[in-house]
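One letter stands for each residue in the lines below.
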Amino acid sequence: MSISRRSFLAGLALSATPALSQQRATLASWTPGTLDIHHISTGRGNCTLCILPDATSFMIDAGALMPTGDDVQYQITPFPDSSRRPGEWLGRYAKRHLAHANRNEIDHFLLTHFHSDHMGQFVPGLPRSKQGTHHLTGFADVAELMPMGRIVDRGFPNYDYPTPINDPSTNNYRECAKALARTGTKLEAFRVGTTSQFTLLRKPADFPNFEVRNIVANGELWTGIGDNTRKCFPELATLKASQYPTENMCSTGIRIRYGAFDYFSAGDLPDGSSYGVPAWRDMETAATQIAGPVDVALASHHGYIDSTGPAVVRALRPRAFIIHAWDSAHPTMPALHNMLSQDLYPGPRDIFATAMKPEAKITIRRLSQLKSDNGHVLVRVAPGGASYQIHIITNRDESDRLTASFGPYTST
Ligand SMILES: [Zn+2]
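This structure is a prediction, so every number in the text was calculated from the model and none was measured.

Participant: Whenever I open this one, the overall build of the protein confuses me. Can you help?
Facilitator: Counting its regular elements, the protein contains 9 helices and 17 strands. Here the C-alpha atoms of the protein give a radius of gyration of 20 Å, agreeing with the 22 Å that 2.2 N^0.38 yields for 412 residues. Put simply, of all contacts in the protein between residues at least 6 apart along the chain, 67% involve residues at least 24 apart. Working note: accessible area of the protein is about 16200 Å², and carbon and sulfur atoms make up 52% of it. For the protein, the distance from the average position of its 40 positive side-chain charges to the average position of its 38 negative side-chain charges is 4 Å.

Participant: Explain the coordination of the zinc ion to me, please; I cannot follow it from the model alone.
Facilitator: Ideal geometry at a metal centre gives angles of 109.5 degrees when four donors are arranged tetrahedrally and 90 or 180 degrees when six donors are arranged octahedrally. Donor atoms from the polypeptide that bind the zinc ion are Asp-117 (OD), His-118 (NE2), Asp-268 (OD) and His-302 (NE2), placed at 2.0 to 2.2 Å. What the 4 donor atoms of the zinc ion show is an angle range of 91 to 150° at the metal, which sorts the shape as irregular. Within one chain, the residues donating to the zinc ion are spaced in sequence as D-H-x149-D-x33-H. Placement of the pair is Asp-117 in helix α3 (residues 116-119) and His-302 in the loop between β12 (296-298) and α7 (310-316), with a sequence separation of 185 residues. Here Asp-117 falls in the buried class, since its relative accessible area comes to 6%.

Participant: Looking at this model, I keep getting lost on the packing of aromatic side chains. Mind explaining?
Facilitator: The relation between two aromatic rings is expressed through the spacing of the ring centres and the mutual angle of the planes. Summed over all chains, the structure comprises 12 aromatic pairs. Measuring from ring centre to ring centre gives 6.0 Å for Phe-114 and Tyr-173, while their planes differ by 55°; the resulting arrangement is tilted. Taken together, the residues Phe-114 in the loop between β4 (106-110) and α3 and Tyr-173 in helix α5 (residues 168-181) connect sequence positions 59 residues apart. Take Phe-114 and Tyr-173: they sit in the same class, and that class is buried. Through a chain of ring-to-ring contacts, three or more aromatic side chains come together here, namely Phe-109, Phe-114, Phe-139, Phe-156, Tyr-159 and Tyr-173. A cation over a ring is seen here: Arg-349 above Tyr-345, with NZ or CZ 3.8 Å from the ring centre.

Participant: Got a minute to help me understand the layout of surface pockets in this structure?
Facilitator: Taking a probe equal in size to a water molecule and rolling it over the atoms shows the remaining empty space. As a volume, the largest pocket reaches approximately 400 Å³. Its volume calculated, the second largest pocket comes out at about 230 Å³. Residues that form the lining of the second largest pocket fall into these classes: 5 nonpolar, 7 polar and 4 charged.

Participant: Before we go on, may I ask you to explain the nonpolar core in this structure?
Facilitator: Proteins that are soluble and globular tend to have nonpolar side chains buried together. By size, the foremost hydrophobic cluster in this structure holds 43 residues, and its most contacted members are Ile-215, Leu-221, Phe-264 and Ile-351. In contact with Phe-264, other than residues within four places in its own chain, are Ile-215, Ile-254, Ala-287, Thr-288, Ala-291, Val-294, Val-296, Ala-297, Leu-298 and Leu-316.

Participant: Help me understand unusual backbone geometry in this model?
Facilitator: Most peptide bonds adopt trans geometry, and most residues besides glycine take a negative phi value. Of the consecutive residues Gly-292 and Pro-293, the connecting peptide bond is found in the cis state with omega at -5°. Looking at the secondary structure, you find Pro-293 in the loop between α6 (283-291) and β12. Between His-330 and Pro-331 the backbone carries a cis peptide bond, its omega angle lying at 0°. Inspection of the secondary structure assignment puts Pro-331 in the loop between β13 (320-323) and α8 (333-340).

Participant: I tried to follow the sheet that holds strand β1 (residues 35-39) on my own but got confused; where do I start?
Facilitator: Sheet strands pair by backbone hydrogen bonding; their relative direction is either parallel or antiparallel. Spatially, 9 strands are ordered β6-β5-β4-β3-β2-β1-β15-β16-β17 in an open sheet, and the strand pairing comes out mixed. The strands lining the two open edges of the sheet, one partner per strand, are β6 (186-189) and β17 (402-410). Looking at each pair of strands side by side, their axes are set apart by 15° on average, direction ignored. Pairing geometry for strand β15 (residues 376-381) and strand β16 (residues 387-393), over 6 bridges, is antiparallel. Paired with Arg-380 across the bridge in β16 is Gln-389. Sheet strands touched by helix α2 (residues 86-99): β1, β2 (48-51), β3 (57-60), β4, β15 and β16. Its angle to β2, the strand with the most contacts, is close to 15°. Across the sheet, α5 lies against β5 (148-153) and β6, angled at about 140° from β5, the strand it touches most.

Reading the values: the criteria
- Residues numbered from 1 in each chain as written.
- Predicted model: local features only at pLDDT ≥ 70, side-chain atom pairs only at ≥ 80, totals over all residues.
- Heavy atoms only, no water.
- Helix = DSSP H or I, 4+ residues; strand = E, 2+ residues; numbered from the N terminus.
- Rg over C-alpha atoms; globule rule 2.2 N^0.38 Å.
- Contact = heavy atoms within 4.5 Å.
- Areas by Shrake-Rupley, 256 points an atom, 1.4 Å probe, with all protein chains shown as cover.
- Lys, Arg positive; Asp, Glu negative; His and termini not counted.
- Charge placed at Lys NZ, Arg CZ, Asp CG, Glu CD.
- Donors = N, O, S within 2.8 Å, 3.2 Å for Na, K, Ca; no water.
- Tetrahedral: all angles 85-135°; square planar, octahedral: opposite > 155°, others 65-115°.
- Buried < 20%, exposed > 50% of the residue type's maximum accessible area, 1.4 Å probe, protein only.
- Phe/Tyr/Trp six-rings, centres within 6.5 Å; stacked < 30°, edge-to-face > 60°.
- Lys NZ or Arg CZ within 6 Å of the ring centre and 35° of its normal.
- 1 Å grid on protein atoms, 1.4 Å probe; cavity = no way out; pocket = protein on both sides within 12 Å on 5 of 7 lines; lining within 4 Å.
- Points joined across faces, edges and corners; volume = space filled by probe spheres on them.
- Nonpolar A, V, L, I, M, F, W, Y, C, P; charged D, E, K, R; others polar.
- Core = buried A, V, L, I, M, F, W, Y, C linked by side-chain atoms within 4.5 Å.
- Pairing = 2+ DSSP bridges.
- Axes fitted to C-alpha atoms, helices over the stretch in contact; angles between N-to-C directions.

Okay, here's the thing in structure tokens:
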């Protein structure tokens, strides 16, 4: 692909970056043995596409907030633009990048929790799916474009913890999952503690040092020993309804390990930093103390004010933080301050956001310290896991042009 020098330089100007040669401005294709973790930037919700070392595909969330009401003024403008729904852009991105691995299917899909910015928002007027059973948004848009092997969430099969989950967006997701199940897609509940749910499906024997560990869901936490777990939330019978765990607190979390490389992702798990709340409401600290330290961490709850607290940052101590942003408060000042703090852990660290509301940079001057604040963020782990690079891919169009590259970093 050829690009003009002018557009190339415009891309470089987006971030403080080491010089990229023009020859490297196109992303090299995934190759066998490589672990790619794409944080896809639509500005409208979370979606992470992993291409595992044997070409097994694993997507975490497929969020899509639709433009409605007064919230729009606080939200990031859609990328590449609003000519398609965010979920369509996600599906098209996944198709393009999976094609490099000769794949056209999502083998594993994990929904971290039942919020629209992770599964797709239902609003009136959305088109119907091919099956006619549900509407197209977020996850459903991705599923319309490519087959799904397995869908895992925190609620299957009853969707009733801590209370029945039946808002319009969740119902639409469930209708989509049910429609897919009729043609062979497997639906499963997330199993905490195991490494046997998100496995390599193609050549597992070739990569014995790769695993996905299920860390947390619904207040159940891996203990760090074998596949054992413990329950952190009190029995619901001992709580008033107003004290029940929130949806965010029930988020699923995983750790991906490839040799020396570790990556943590846990949806919108909060650290319960409201003053005086019981310790069990701080699932983020508990989960990160079991999962960390890691090389790369996705900031939980988009780096919002109730996440990424001091104990979390101390436990994870990553070389790189990634923020999936869609709101003017992603991240908040306290969360960013913690991520940058040399008191919480020593040494350099790089922070990347998938997008940024321009006004946020006026309010929070330290956002200028981010390595990149706009674009798809690809963590590319070398075969065997000993090192990795972080690439920024333009979100302005579907050219997959590289705008910056960082690293290589040594996995620790
Ligand atoms: Zn969220």
